[in-house]
Amino acid sequence: MAADGAGRYRAGETALIVKVPGAEPVVGIWRERFDASAEAGVPAHVSVLYPFLSRDRIDDQVLGVLGELFGSHRAFDLRFRRCGRFPGVLYLAPESDDQFRALTSAVADRWPEAPPYGGRFAEVIPHLTVADGQEPSVLDAVEAELARRLPVATHVGSVQLFAFDGIVWREQADFALRAPRVSVPRCDGQR
């Protein structure tokens, strides 16, 4: 997620994110200092779609469709091995990002009125923001510290809906992804 130019969010905004609690010990101190979303109550995460629908448009039907949509995608394991940059932004880059792109595409296709980042970018690059709005020298220092603590590995089993209440972002719902197939060997040696 990203704050608007004034560094503030609008009450009623929502976002679909994947929380990455395993990254908090690595990025938490930097996010607290250099990422406005952390100050506003958002945990370390990768955005699936921000902004999503306004809070007043999210009803039981929307929640049901989101549950079905995310339930049709498999859970997956994820690693962050390196940092990446946008102008003024340092982030952890997920490897691979194909699953995030598929989730974003599925939601954006279902709700074309809610394009990722309001349609501001031609390509959406999945990422976990660590620092935003900083000078290159600050980003260099943070990146050097992070490089010593990577990789971060996590399992992605769900997508969360967050809403901004005018003060902080709060989790509203959690949508499970489909469990990956587990191959169990048969006693006779066949699969």
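Our structure is the block above this text.
Criteria and thresholds
- Residues numbered from 1 in each chain as written.
- Predicted model: local features only at pLDDT ≥ 70, side-chain atom pairs only at ≥ 80, totals over all residues.
- Heavy atoms only, no water.
- Salt bridge = Lys/Arg side-chain N within 4 Å of Asp/Glu carboxyl O.
- Helix = DSSP H or I, 4+ residues; strand = E, 2+ residues; numbered from the N terminus.
- Buried < 20%, exposed > 50% of the residue type's maximum accessible area, 1.4 Å probe, protein only.
- Expected span 1.5 Å × (residues − 1).
- 1 Å grid on protein atoms, 1.4 Å probe; cavity = no way out; pocket = protein on both sides within 12 Å on 5 of 7 lines; lining within 4 Å.
- Points joined across faces, edges and corners; volume = space filled by probe spheres on them.
- Nonpolar A, V, L, I, M, F, W, Y, C, P; charged D, E, K, R; others polar.
- Pairing = 2+ DSSP bridges.
- Axes fitted to C-alpha atoms, helices over the stretch in contact; angles between N-to-C directions.

**Some details on the pattern of salt bridges**
(1) Moving on: Following the criterion strictly, the structure yields 12 salt bridges and no others.
(2) Moving on: A salt bridge links R85 to D140; the nearest nitrogen and oxygen atoms lie 2.7 Å apart. With R85 in strand 3 (residues 76–86) and D140 in helix 5 (residues 136–147), this residue pair connects regions lying 55 residues apart in the sequence.
(3) Moving on: Residues R85 and E143 are paired through a salt bridge, measuring 2.8 Å at the closest nitrogen-oxygen approach. Taken as a pair, R85 in strand 3 and E143 in helix 5 lie far apart in primary sequence, 58 residues in all.
(4) Moving on: A residue is classified by how much of its surface remains accessible, and R85, at 34% relative accessible area, is partly exposed.
(5) Moving on: Taken together, the shared-partner salt bridges connect E24, R31 and D35 into one network.

**Some details on helix 4 (residues 98–110)**
(1) Moving on: For helix 4, which comprises 13 residues, the first-to-last C-alpha distance of 18 Å matches the rise-based estimate of 18 Å (1.5 Å per residue) to within 8%.
(2) Moving on: If you check which residues of helix 4 are buried, you get F100, L103, T104, A106, V107 and A108.

**Observations concerning empty space enclosed by the protein**
(1) Moving on: Tallying each qualifying case throughout the model produces 1 cavity of 30 Å³ or more.
(2) Moving on: The space that makes up the largest cavity amounts to roughly 50 Å³.
(3) Moving on: Together, S47, V48, L49, Y50, T104, P116, Y117, V124, I125, P126 and H127 line the largest cavity.
(4) Moving on: Grouping the amino acids of the lining of the largest cavity by side-chain chemistry returns 8 nonpolar, 3 polar and no charged.

**Considering the sheet that holds strand 5 (residues 128–132)**
(1) Moving on: As summarised here, the arrangement of the 4 strands in space is 5-4-3-6, forming an open sheet in which the pairing is antiparallel. At either end of the open sheet lies a strand with only one pairing partner, and these are strand 5 and strand 6 (152–156). The average undirected angle you get between the axes of adjacent strands in this sheet is 30 degrees.
(2) Moving on: As judged from the 5 bridges shared by strand 3 and strand 6, these two strands associate in the antiparallel manner. Residue pairing for strand 6: R79 is matched across the bridge by A153.

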